[in-house]
Every structure is written in C-alpha cells, then in structure tokens.
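Chains, contacts and geometry: an overview
Chain residues, written in single-letter form:
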Amino acid sequence: MNYCRILILILAGYIGTNAQETDSITVALKPIVITANRIPTAASSVNRSFDVIELTSTELFSSASIEDILQRFAQVNVQSRGVFGAQTDLSIRGTLFSQNLILLNGSRLDDPQTAHHNFDLPLSTGQIERIEIVRGPGSSQYGANAAGGVVNIITRKPEKTSANISLKGGNYGLFTASGTYESASSVISSANNISFSRSSGYRYDTDFSIFNMSTSNDIHTGFTDISLFAGYTKKEFGAFDFYSPGRNLPSKEWTETSVVNIGSKLEVRSIQLIPKISYRRHYDMFMDDIRLQDQNICSHTTNVLNGEITGITAFNEHVNMASGVEYSYNNIISNVYKEHFRNSGAVFASVLSEFSGWTLDAGMRIDFHSNYNSRLCPNAGIGFFLTPQNKIYATAGRSFRAPTYTELYIHNSSTHGDPSLQPEMGWSYETGWEHYTDSQMRVFLSLFRQDHTNLIDYVRYTPIDTAQAVNFSSAVIHGFEISIQWRTASTSKDYISSKLINLEHISINYGYLDSRIEHRPVFSSRYSYNHPRHKISVFVSGRLPLSIQYTAGVIHKIKTNNANYTLVDADFSKEISSLKMYIKGSNLLNQTYEEIAGIPMPGRWLWAGIKIGIL
C-alpha cells in the first residue's frame, strides 16, 4: 500500500501549507454533537469510531442518492443492485447488509421482510442536514439489527422561507424533476419536497422510475417542541438477476413505502422526556420472469409500529443518564409467506461520565421478543485524553439480530428459508486513537474485532443444491480503519485563495477487513465474504476560478477474491443569483465492476442539472 502512504504525505503537506495561509481568517465553526446515541454527546466524548457528514448545498444537489454520500467513508461498503437509489444494501465493517440499522431523526426504519428494502427512504438528499455514522454495536441503545453500526439521517430545519425547482438529465434516458418549498417562523419550520426520477437503464432490464414526496416539520410551543415527518416513495425497476445471478431472468419489482414519525421534547423538572411514535408501511411486488407475467408473482405488505419514551437527566456537571422503554409490533401479509406477526418490548439505560480527562460510558438493554424470548445487550467504553487534542479509547458491546420474514419463510426454486432459524448474537471490541485540531482537522485510527454466532446466510453444499437459509456456527471479523479529514476555516463565498485551485475540504480513508466463518464445508454462500478486503477513498472539494465549486473522489476496492476496481467521480457547479447549474460524472474511468457477484454495475454515466430559486 505504498501509493496510499505517498498520497497521504503529499496531501498532509498541502493541508499544512493551506492552513498557514488561512490563519488570519477566524470563523466560529459549530461543535459536533452525536445524536445517534441516546444521550446527545460531544464528538470528543464518543468512545468509538464515527463520522458526521454535514453536507453543503452543492453536495446535496449533485449527489445521486444517500448511498452515493455514504460510500465515501471508511468501512462503509455500498452494495448496489440498482442505481440512483433503486435498491442498495449497506455493510459496515464487513457485516452483512441485514446487520446495520438505519434511523431517521433517531427513529428506526428497518424492514422486517428483508433488509434489501432498508433504503426505500421517502426523502430526497436535499432534505438532509447531516448524516451520522456510528460504527460498532448499537443494540444496547436501539435493540436488534445494529451489529455493524448505526446510520442516523437528520432532516433539515429551514431558517427562511424559500422555494425552488430542480431539473437534471443525462445518459441512459436519465431525467429528474423536483420541487421544494420551505418556510420558517418562530412557531413552525417546514420543509416539503416532491420529486420524480426515471431512466431507461444502463443494460437490459435495469430501467427505473422513482417518485418521492415528504414533509418535515418542527413546531415550537410554549411548553414543548414537536417534530413531524411524513413521507411516501414509490419505485418500479427492472431487476435482471437481482436475486438469482446466473439464471438470466428478466424480472421486475414494485415497492411502495409510507413513513410517519412523531416526536416531542418535554422538560419535567430536571428530566427531559422524549416520546416518539413511528409507523412504516411497505408494499413489495416481485415478478420473477416478465416473460411469464401471470406466474411467479410475489406480493408482500409489512406494517411496523414503534413507540418509545426516553428520559434524559444530568445528575451533575459530570454525569448524564438516559433510560426508557420501547414497544414494537410488525406483521407481514403475503401471498407466499402467508400471514405472520411479531412484537417486542424493551427497557434500556445508559450513562455518560466525564471528569479529569476521562470519558466513561455504559449501557444495557433487555429486549423481550414474542418469538425468541429475551436478549440482554450491554456495552461499556472508556476514553482518556493524552493531551487536549489526542484521545485513546476502548469499547465493547453485544448485539443481536432477529431473522427476517424472508429468511424464515421464502420457498421457491432457487431459495428455501427455515422457520427454525435463531437470532444472530455477537460481541464487538474496539480500541482507537483520535486527534483533533480545533474544528478543522480530525484524524482517527480504530482497530476492531467482531465475534458472531448463529450468523444467517443462504448456502449451497453442492453446485446443484437449492440455496438454504442456515445459522452459521461462528464468524469472526477483524480489521482497522484510518481517516484524515480536514476542512478550511473559511465558509464565506467571497473567500479568495491565492491558489488557482482552492482546496476547502479533504477526506482520506482506508479500511482493512478479514473474516473467518466456521461451518461444515459449503460450495457457496450468497452474502458472506462480499466485503472488500481493502478500501481506499479520497474526496476533495473546493473552488476554481470564476467561483466554480468542485467535488472529486476516488474509491479503490480490493475484494476477498482479489477482484479490484477504481471508481472516479467528479462534479462542477456554478451559482449565479438564484440559479445553480452543475455537471457530474460517475465511474469516469468506465470501469467494469460488480458490487454484488453476478450483477454488473454501469460504466461511465454523465448528467447535468439546474436549480432555480423562485422565492
């Protein structure tokens, strides 16, 4: 990895030079607070690896999807079947796509039918204020399905009234139109969006159309703050060999997702109470072979209802505690899996203490599941500041995941489920070092190990077998990640650099993974070992002459089978009064690659767009 070391040294030198030239510019940057923990925690007090993505309007405007943003970061592996948000799986630290939890404003969005639907998110990138990625087990905070990590998507709170229309078009018949209206007052702030995207596809049977609409509102009253999010998304996409690589089946899938989240904050004496309730409905229809339209059609509807109440209190200036209760109900109505339901309840508590350069955190959660009895998940972490800018830490925690309805009940010519599957269980251990330089630069190194039992995957014991859902006896994943992130202190559009190419932000990330799974010999497994062994990502952004904003990125992956590829993306944008224009390209090197075996991804793809402010 000599080229990586050389690149880091060169960029570090450039950063040092650029930082010296901007010392005279003083801009107060916001301190980072991690809200994916039950106790909102200053970044320097978090005893685990994390990233906070605070997105600029340019990044939001040009990004193809939320997954397009997430793939930039260490040990975050995006595994797409469809592009532009049609369908994506997410892996963190080598875990399976079903072992990572997606939150929207702190409320879970996972799908009980299959985690393939977790990114059926009814919101556009333009409604996002920031994204928090907290690596490592989250079951002590949020329960099931958080072995690899937690991704918390936080919606924007408008500061003024505005409206805009956006259009974009590009290769393969790509067309997108969207409209946004935002309002802000002392009582209510509201962000509303509607959008439509379509493409004829980059190869046979990869066409898609996606419709989104959503509203995000924050209401301020004299005694409480209320947040309300409601969204709906509808997708139709070609799914050639999506779930059966090698069979050459032209398939089609339709999904619809509705989400409603309501939360509030109440101050009761010295306790902040945070009640939340959320509802998610998902409909999925899959046609296995579009040449046989009256055969092999599967339709599934899932409903998920969650309710919780959390209390946060400060015992003194050094100790904070959060505790609460949660209830969840979900069901599925399917022409294939029939009808099933499950419910669960939980009690949880966590404590954070900071004193004399030490940060201590501990948490525990007990989940009571209607099908799998109870699961106890503790965690504990400790950190120490060697200097005000350097911290070391260690943490450990337990996690679990319940089988999905698909893993339990699927039964077709290529795949069989198993109703007797047991929940996955796992312990994770992590130690690391972090370095901060004010709010401009952050460097971190983390080493981790995960020990899982009952890991669920689909396997074949011989080439002619049907894939069978099984519990592996054990799985061990270990690795490390290193990241260097820097952002200039200047946030003014009028800032003028003496350089022809002005660098404003850079992110350099490297991750290494190794996994070992113990089971009697199998011919193949469907999702295990799909992670890259090495992943390097470098992203930069800044300004060119004529106030042209640019973002460029390189991602290089070497997978466990030694397949490797390099993806290069870039975009350029220009703002003139209320008009913003941009052009973007993905996979500029026109690489041939697969993120999931047997499903080719597109080559070079170019598109351009405009955004017109009308208020």
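Residues numbered from 1 in each chain as written. Predicted model: local features only at pLDDT ≥ 70, side-chain atom pairs only at ≥ 80, totals over all residues. Heavy atoms only, no water.

1. Regarding a nonpolar patch on the surface
A cluster of nonpolar residues, Ile-165, Leu-167, Phe-175, Tyr-181, Phe-196, Ile-576, Met-581, Ile-610, Ile-612, Ile-614 and Leu-615, forms a patch on the protein surface that exposes about 930 Å² of accessible area. Residue assignment for the nonpolar patch shows that the elements contributing at least two residues are β10 (162-170), β11 (174-184) and β37 (605-613). One can find Ile-610 in strand β37. (Patch = residues over 30% accessible without salt bridge, like charges linked within 9 Å, V, L, I, M, F, W, Y side chains within 5 Å. Areas by Shrake-Rupley, 256 points an atom, 1.4 Å probe, with all protein chains shown as cover. Salt bridge = Lys/Arg side-chain N within 4 Å of Asp/Glu carboxyl O. Helix = DSSP H or I, 4+ residues; strand = E, 2+ residues; numbered from the N terminus.)

2. Here we look at the pattern of salt bridges
Within this structure, the stated rule accounts for 25 salt bridges. Glu-504 is the salt-bridge partner of Arg-543, the closest N and O atoms lying 2.8 Å from each other. With a gap of 39 residues between them, Arg-543 in strand β31 (residues 532-544) and Glu-504 in strand β29 (residues 502-518) connect regions that are remote in the sequence. When its relative accessible area of 12% is taken as the criterion, Arg-543 is described as buried. Glu-504 sits in the buried class, given a relative accessible area of 10%. (Buried < 20%, exposed > 50% of the residue type's maximum accessible area, 1.4 Å probe, protein only.)

3. What to know about the packing of aromatic side chains
Each aromatic ring pair is described using two quantities: the centre-to-centre distance and the angle formed by the ring planes. Using the criterion set out here, one finds 18 aromatic pairs in the structure. Centroid distance Tyr-204 to Phe-240: 5.8 Å. Interplanar angle 65 degrees. Geometry classified as edge-to-face. Taken together, the positions of Tyr-204 in the loop between β12 (188-199) and β13 (208-220) and Phe-240 in the loop between β14 (224-238) and β15 (252-268) put the pair 36 residues apart, joining distant regions of the chain. In this structure an aromatic cluster arises from ring pairing among Phe-84, Tyr-172, Tyr-202, Phe-208, Trp-605 and Trp-607. The ring centre of Phe-348 lies 4.2 Å from the NZ or CZ of Arg-38, which sits over that ring. Positioned above the aromatic ring of Tyr-458 is the side chain of Arg-526, whose terminal nitrogen or guanidinium carbon lies 4.9 Å from the ring centre. (Phe/Tyr/Trp six-rings, centres within 6.5 Å; stacked < 30°, edge-to-face > 60°. Lys NZ or Arg CZ within 6 Å of the ring centre and 35° of its normal.)

4. Observations concerning the side chain of Asp-111
If you trace the backbone, Asp-111 turns up in the loop between β7 (107-108) and β8 (128-135). At 2.8 Å, the side chain of Asp-111 and the backbone nitrogen of Gln-113 are in polar contact. Among the polar contacts listed, one links the side chain of Asp-111 to the backbone nitrogen of Thr-114, at a separation of 3.2 Å. Residues within four places of Asp-111 in sequence aside, it is in contact with His-117, Asn-118, Arg-280, His-282 and Thr-302. (Polar contact = N/O pair within 3.5 Å; in protein donor to acceptor, adjacent residues only side chain to side chain. Contact = heavy atoms within 4.5 Å.)

5. Details of the pairing of strand β3 (residues 50-54)
Counting buried positions over the 5 residues of β3 gives 4, a clear majority of the element. The pairing of β3 with β8 spans 5 bridges and is classified as antiparallel. Within β8, the position partnered with Phe-50 by the bridge is Val-134. (Pairing = 2+ DSSP bridges.)

6. Points about the pairing of β31
For β31, a buried count of 11 out of 13 residues is recorded, marking the element as mostly surrounded by other parts of the structure. Judged from the 10 bridges that link them, β29 and β31 form a sheet pairing that is antiparallel. If you follow Asn-502 over to β31, its bridge partner there is Arg-543. The turn linking β31 back onto strand β32 (residues 548-559) is made up of 3 residues, and Leu-546 within it adopts a positive phi angle of 70 degrees.

7. Topic: the sheet that holds β7
Taking strand neighbours across the sheet as the criterion, the 5 strands line up as β3-β8-β9-β6-β7 in an open arrangement whose pairing is mixed. Only two strands of the sheet have a single partner each, and these edge strands are β3 and β7. Sheet topology places strand β6 (residues 100-104) next to β7; 2 bridges connect them, and they run antiparallel. Within β7, the position partnered with Leu-103 by the bridge is Arg-108.

8. Topic: the sheet that holds strand β23 (residues 415-416)
The strand order β23-β27-β26-β30 describes an open sheet built from 4 strands, whose pairing is mixed. The strands lining the two open edges of the sheet, one partner per strand, are β23 and β30 (524-525). Looking at chain direction, strand β26 (residues 456-460) and β30 are connected through 2 bridges and run antiparallel. Bridging from a neighbouring strand, Arg-460 pairs with Ser-524 of β30.

9. Overview of the environment of Val-470
Inspection of the secondary structure assignment puts Val-470 in strand β27 (residues 467-471). Assessed through its relative accessible area of 12%, Val-470 is described here as buried. Along the primary structure Val-470 and Asn-454 are separated by 16 residues, whereas in three dimensions their C-alpha atoms are 8.2 Å apart.

10. Remarks on the confidence of the model for the chain
Residues of the chain with pLDDT of at least 70 account for 90%, and the chain-wide mean is 88. Across residues 1-30, where pLDDT falls below 50, the model places 36 contacts with residues more than four positions away in sequence or in other chains. Per-residue pLDDT stays below 50 along residues 491-496; that stretch engages in 10 contacts with residues further than four places along the chain or on separate chains. (pLDDT = per-residue confidence, 0-100.)

11. Some details on unusual backbone geometry
Note on backbone geometry: most residues besides glycine have negative phi, and most peptide bonds are trans. Phi is positive for Asp-205, close to 65 degrees, though the residue is something other than glycine. Here Asp-205 lies in the loop between β12 and β13. Despite not being glycine, Ser-577 has its phi angle at roughly 55 degrees, a positive value. As for its position among the elements, Ser-577 is in the loop between β33 (564-576) and β34 (579-586).

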